[in-house]
Amino acid sequence: MTRHVVRALGLGLLVMAAGCVETDRVMPQPPSLDAELRATLRNWGVVPIIPQPAQDSSLVALGQALFFDKELSGNRDIACATCHNPVTAMGDGQSLPVGTGGSGIGPWRVLGPGRQFVPRNAPTLLNVALGQPYIFWDGRVTGFGGQFQTPAGDSLPRGLPNVLTAQAMFPVTNRREMRGDPGDTDVFGKPNELAQAGDSQWTAMWRGVMLRLIAIPEYVAKFNRAFPTVPTNQLGFQHAAIAITAFETQALTKIDTPFDRYLGRNDDAMTSAAKRGALLFFGKAACSTCHNGPQIGAGNFVDVGVPQIGPGGAAEPPLDLGRGELQGNEFYRFAFRVAPLRNVELTGPYFHDGAYATLDAVVKHYNDVRLSLTGFDPAQLAPELQALYHGDAGTIAAVLERLDFRLQQPLKLTVTEQSELVAFLKALTDPSARDLSALVPANVPSGLPVR
Amino acid sequence: MIRKTRSLLIFLFACAGPASAQIIPIRTVPLARGDQFFLFPSNNLGMGGVSLALADSLLDPFRNPAMGARVSGTQLFVSPVAYSSSQQAGGGRTLPISILARAGSWFGGVSAAIQQVDNSGTSNSFPQPLALPRGGPGIANTVDGTGSSSSHGNAYAFGSIGKALGTGLSVGGSVQWSGLKALDGVDLLYPGRQDLAQSGHGVDLRLGLFKEWPGSRTLEALVLHNRFSMSHNVTYLDLFWDPANQTFLQTSRVERNLDRARTTGLHLAYQRPLMASGWRIGWIGTANFVANPRIAPNEVVTIPRDQGRSAAYNVGVGLAKLRGPGRFGVDLVYEPIWSTSWAVADAPALTDLGDTVPVGARTIENRFRFSNLVLRLGVGRDLTLTGMPKALGLDLGLALRSMRYQLVQSDHLAATETQLRNSWVEWSPTWGLSLRFPELELKYRGRVINGNGRPGSPGFFGGPLIDVAPNSFVLTPGSDLSLAGVSTITHQITLSLPLR
């Protein structure tokens, strides 16, 4: 009997041992939402942002005055703040901006007689000082390691502190945005002297603006306070750009978002829906393959199949080739800068031409880009833009030809998943960015109207 | 503020030996453990650790101090242990020295051990958050994160005393103190760390009773209380973006995580001959009540929890046969366990339904229901060498431990309830060799624990770069968390020397 028992047990042992071999590779239980999300975030370079150092108050005061002063525009009818308005989260709330010659502000601004829309959406300036390497939708101003590339080439003044300052040099040189055309007269009926310079006469354009500014005693005083070691006759527009940058850095950095608090190791800062949306964002939906890094974007250029709307660029109007407009960037036809996403909830309409008005529409577009592009209904645009929609088969085919490989196939997100993605995008909002009206000064040194 | 991830990995630590039934381990993931707490000599380890119907003359006095009544004379044991995990996943070495003695009706023992536990060798397997060279361009203020040193020392002390009261009844008490600088495998719980400093202690108190009737019937009873307290000072290297300088900054952050457990238990065991042919049968029953006022967080196992409590039980039956030079034993133990853990809100938290969870209220509850099974069996035979009977002993055995549980997790923030089932099997071949001389006895015991894993294998994070857009600069997520199977092999050599 003993032998039988021993044999039976021995056989049982062998059977069990054989069955256990399969356990050589084992899986732990699925991670919690937070653990999974944090492990995922680690891989995308999405890290907390340290606070900006306080900017010099004299610089900020000068920058604020310049930002809201229409004296910087050729026709004295538009300021930086006209299209980057605090009321509309430092954008203008329009698909395409209305530049010089227009009237009104924000979503109510209308074209002037004979004027065209600015070809690309006015991006928000919120968090523009977070160290973005590329500025403008086509990234024509870049800054890496203290080296800048701009359309001005060697004409750019030396010693600019950062790429944002380099960017601030250019809106005053753009005819459609601020400078105006030859023959224009300003709001007082005087000739627009700034429009006389040629389009490549950068130094002349900047000098012209500075001549206007130092003709105003209050500006001289403000410049002297902000740059006490620089004689008035040596002030250049780069000093104005430095001041504007200081204002943008001080006033427009808005990073106290639920997501940033979550990055700061507060698990309760985001709702579960937002966390699930974040997991989609950094996972299945593959948003983070472009929207990554500290800015959650701003690091590359992608053709995401956005409908073509507007007057177009210089290369192949009325199409806008985006970064492909720049010399040597054929690869990037129809590719535009990936937008940084903090406060995106407040900064519609979205994409380089404001094709979609809501985040829901944006997510739906990404869910099936081909379907979205071919089925785009221009009726959703403002009436004056509907005629500027280029929905012909050739244009759509050209855009789709360069469509990013990650968007070639539908993402197949469910309706719930799409809403969770939107919940995450809304977790990128700093509550203090919802009302920026306190930034609007009562008046500016030129005496021109602020609003 | 952070609601951290938690693990039930090392719930209880003071298992006196490989077959200890008095403290029931509770594990939710098959992370490989080393044989760190294998401190005392054992006769039966080579036979799979069978113990329910087969006495272990070396180990029993350490498990139940009243069983020191079986000791005759004074004996010295030196029983060094070395263990290591495959794939260079850690290991350790322990040098225990023990003395068991009897004087009249009094008996007792002392033991001391020093131990060196190696790091698990995986800290370098985890990539930095970004594919940027440490200290290279683009990263400022680099902190020198060299990680903790390669091994750490622990110390253990044990003392017991007992008295034979006559008529086969004896009582005893013991205390074991552990000074801990490293728990094996804990470094695996913090894969992104730069450094880990562990410190803590354990105290194990036992009161035992042992009754032996004529005819080799025995009853043992044990009451135990075990306290375990560890601190993990974990240094992380955090990455920040400095917008002013367009660069990443690294700063170090130290998290102090506390692990606390209190276990109170009762254990009963009864053995008697089954029939005249040498068979014996034994039964055990154990109850453990565990309170975890603090549970150390970690980043591997991911059940959110701050505190917990458990009730763990076992019932088992064993058969053994001793006839002539041969011996055979088999144990079968069933372990039903109920465990609850929960996380609490550090700050008011908004639920998905719009309610607010106040500070201190539970945000997540985890209710585990375990049904574990343990099967141990082994055979042994003594051989005669050069005219000396029983000069050589050979043992073979196998231990199987099947872990199976269901987790019901209630997330009060998301207003959801999820269920999860998990199971795995550990299997451990064992072997033993004994050499008996007139003046001393030399035993070698070994085992390999299979069926567990350790993170840090290829594919755990560190996935391949995919073809991202030209200007992207970050790594993509790797594969899901997974454990690579590792085996842990343990060797124990015991020198038994009668002192008088």
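These numbers come from a predicted model, not from an experiment. Each chain has its residues counted from 1, following the order in which its sequence is written. Starting at A for chains and at 1 for ligands, labels are handed out in the order in which the entities are written. Local features in this predicted model are restricted to residues of pLDDT 70 or higher, and side-chain atom pairs are both shown and tallied only at a pLDDT of 80 or more, whereas totals for entire chains, interfaces and linings draw on every residue.

A.B. asks: So what about the overall build of chain A? Which residues, and what values?
C.D. replies: What counts as a helix is a DSSP run of H or I of at least four residues, what counts as a strand is a run of E of at least two, and both are numbered from the N terminus. Looking only at helices and strands, chain A features 16 helices and 5 strands. Each principal axis of the C-alpha distribution contributes one length, and for chain A these read about 120 × 55 × 40 Å. The burial criterion counts other C-beta atoms lying within 10 Å of a residue's C-beta, which is placed from the backbone; the residue is buried at 20 or more, exposed at 12 or fewer, and partly exposed between these limits. In chain A, buried positions account for 55% of the 451 residues.

A.B. asks: Before we move on, can you summarise the overall build of chain B with the specific residues and values?
C.D. replies: The helix and strand inventory of chain B stands at 1 helix and 22 strands. When burial is assessed residue by residue, chain B has 50% of its 500 residues classed as buried.

A.B. asks: Lay out the domain arrangement of chain A in plain terms, naming residues and giving numbers.
C.D. replies: Residues and elements named next belong to chain A. What the domain assignment reports for chain A is domain 1 (57-255 + 434-439) and domain 2 (258-433). In this entry, domain limits derive from an automatic or database-based domain assignment. Averaged C-alpha coordinates put domain 1 and domain 2 at centres separated by 26 Å. Taken together, the contact between domain 1 and domain 2 spans 26 residues of the former and 37 residues of the latter. The nonpolar class holds Ala, Val, Leu, Ile, Met, Phe, Trp, Tyr, Cys and Pro. Asp, Glu, Lys and Arg form the charged class, and all remaining residues, Gly among them, are polar. Taken together, the residues of the side of domain 1 that touches domain 2 sort by class into 12 nonpolar, 9 polar and 5 charged. Residue pairs qualify as contacts under a 7 Å threshold applied to their C-beta atoms, which are placed from the backbone.

A.B. asks: If you had to explain the pairing of strand E5 (residues 106-118) of chain B to someone new, which residues and values would you point to?
C.D. replies: In summary, the side chains of a regular strand alternate between the two faces of the sheet. Residues and elements named next belong to chain B. DSSP-based pairing: two strands are paired if at least 2 bridges between them are found. Pairing analysis gives 12 bridges linking strand E4 (residues 91-103) to E5, with the strands arranged antiparallel. Following the sheet pairing, alanine 101 is matched in E5 by glycine 108. Connecting E4 to the next strand, E5, in antiparallel fashion are 2 residues, including glycine 104 with a positive phi near 65°. Direction of pairing for E5 relative to strand E7 (residues 151-166): antiparallel, over a ladder of 13 bridges. From the neighbouring strand, serine 111 faces E7, where its bridge partner is phenylalanine 158.

A.B. asks: A description of helix H9 (residues 237-252) of chain A should follow, citing residues and the corresponding values.
C.D. replies: For H9(A), with 16 residues, the first-to-last C-alpha span of 21 Å sits near the 22 Å given by 1.5 Å per residue. For H9(A), a buried count of 16 out of 16 residues is recorded, marking the element as mostly surrounded by other parts of the structure. Expected span, for any helix, means 1.5 Å times one less than how many residues it has.

A.B. asks: Report on the confidence of the model for chain A, specifying residues and quantitative values.
C.D. replies: Every residue is assigned a pLDDT by the predictor, reflecting its confidence on a scale from 0 to 100. Within chain A, residue pLDDT values average 91, and 93% of them lie at 70 or more. The low-confidence segment residues 11-30 of chain A (pLDDT under 50) makes 30 contacts with residues lying over four places distant or belonging to another chain.

A.B. asks: Now, about helix H11 (residues 272-281) of chain A: what can you tell me, with residues and values included?
C.D. replies: Residue and element names in this part refer to chain A. The buried fraction of H11 amounts to 8 of the 10 residues, a majority that puts the element mostly inside the structure. Looking only at H11, the buried set comprises Ala274, Lys275, Arg276, Gly277, Ala278, Leu279, Leu280 and Phe281. Summarising the contacts, the buried residues of H11 are in contact with helix H2 (33-42), helix H10 (258-263) and helix H16 (415-426).

A.B. asks: Please set out the sheet that holds strand E1 (residues 134-135) of chain A residue by residue, giving values where relevant.
C.D. replies: All names here are of chain A. A sheet is described by the order of its strands in space; here 3 strands give the open sequence E1-E2-E3, paired in antiparallel fashion. On the outer flanks of this sheet lie E1 and strand E3 (147-149), each paired with one strand and no other. Sheet analysis places strand E2 (residues 141-144) next to E3, joined by 3 bridges and oriented antiparallel. Paired with phenylalanine 144 across the strands is glutamine 147, a residue of E3.

A.B. asks: Please provide a residue-by-residue account of the environment of Met403(B), values included.
C.D. replies: Residue and element names in this part refer to chain B. With respect to the helices, strands and loops of the structure, methionine 403 is situated in strand E19 (residues 388-411). We classify methionine 403 as buried; it has 23 C-beta atoms within 10 Å. Methionine 403 sits 32 residues away from serine 371 along the chain, and the two C-alpha atoms are 6.8 Å apart.

A.B. asks: Would you mind going over unusual backbone geometry in detail, with residue names and values included?
C.D. replies: All names here are of chain A. Residue proline 317 is joined to proline 318 through a cis peptide bond whose omega torsion reads 10°. Assignment of secondary structure puts proline 318 in the loop between strand E4 (301-302) and strand E5 (336-337). Note the cis peptide between glycine 348 and proline 349, where omega equals -5°. Turning to its location among the elements, proline 349 is positioned in the loop between E5 and helix H12 (359-367).

A.B. asks: Residues and numbers for the confidence of the model for chain B, please.
C.D. replies: All names here are of chain B. With 82% of its residues at a pLDDT of 70 or more, chain B shows a mean pLDDT of 81. Within chain B, the lowest mean pLDDT, 33, falls on strand E1 (residues 5-6), and the highest, 96, falls on strand E8 (residues 169-180). In the predicted structure, residues 1-19 sits below a pLDDT of 50 and forms 85 contacts with residues beyond four places in sequence or in another chain. Both scores are available for the predicted complex, with the pTM at 0.72 and the ipTM at 0.85.

A.B. asks: Report on the packing of H12(A) against H16(A), specifying residues and quantitative values.
C.D. replies: Residues and elements named next belong to chain A. An axis is simply a line fitted to the C-alpha atoms; with a helix, the fit covers only the stretch in contact. Between two such axes, the angle follows the N-to-C directions and lies from 0 to 180 degrees. In the contact formed by H12 and H16, the axes pass within 10 Å of each other and the chain directions differ by 130°. Judged by the angle between their axes, H12 and H16 are oblique. The handedness of the crossing between H12 and H16 is right-handed. Along the contact surface, H12 presents Leu359, Asp360, Val363, Lys364 and Asn367, while H16 presents Gln418, Leu421, Val422 and Leu425. Tallied by class, the residues present in the contact of H12 with H16 amount to 5 nonpolar, 2 polar and 2 charged. For classification purposes, an angle smaller than 35 degrees is called roughly parallel, one larger than 145 roughly antiparallel, one from 65 to 115 roughly perpendicular, and anything else oblique. With the far helix as reference, a near helix turned anticlockwise by less than a right angle produces a left-handed crossing, and one turned clockwise produces a right-handed crossing.

A.B. asks: Kindly report on the environment of Ile49(A), identifying the contributing residues and their values.
C.D. replies: Within the secondary structure, Ile49(A) sits in the loop between H2 and helix H3 (57-68). Separated by 246 residues in sequence, Ile49(A) and Gln295(A) have C-alpha atoms that sit 8.9 Å apart. The residues contacting Ile49(A), other than those within four sequence positions of it, are Leu130(A), Ile255(A), Asp260(A), Pro294(A), Phe240(B), Trp241(B) and Pro243(B).

A.B. asks: Run through the environment of Asp181(A), naming residues and quoting values.
C.D. replies: All names here are of chain A. Examined against the element boundaries, aspartate 181 turns out to sit in the loop between helix H6 (175-179) and helix H7 (202-214). Separated by 81 residues in the primary sequence, aspartate 181 and threonine 100 place their C-alpha atoms 9.3 Å from one another. The contact partners of aspartate 181, leaving out residues within four places of it in the chain, are Arg175 and Ala195.

A.B. asks: Before we move on, could you go through the pairing of strand E15 (residues 326-344) of chain B and cite the residues and values that matter?
C.D. replies: Residues and elements named next belong to chain B. In the sheet, strand E14 (residues 307-323) pairs with E15 via 15 bridges, with the strands oriented antiparallel. Each bridged residue has a counterpart across the sheet, and for arginine 323 the counterpart in E15 is glycine 326. Taking the residues that link successive antiparallel strands as the turn, the E14-E15 hairpin has 2 residues, and the phi of glycine 324 there is positive, at about 60°. As judged from the 19 bridges shared by E15 and strand E18 (residues 362-385), these two strands associate in the antiparallel manner. Its bridge partner being in E18, valine 333 is matched across the sheet by valine 374.

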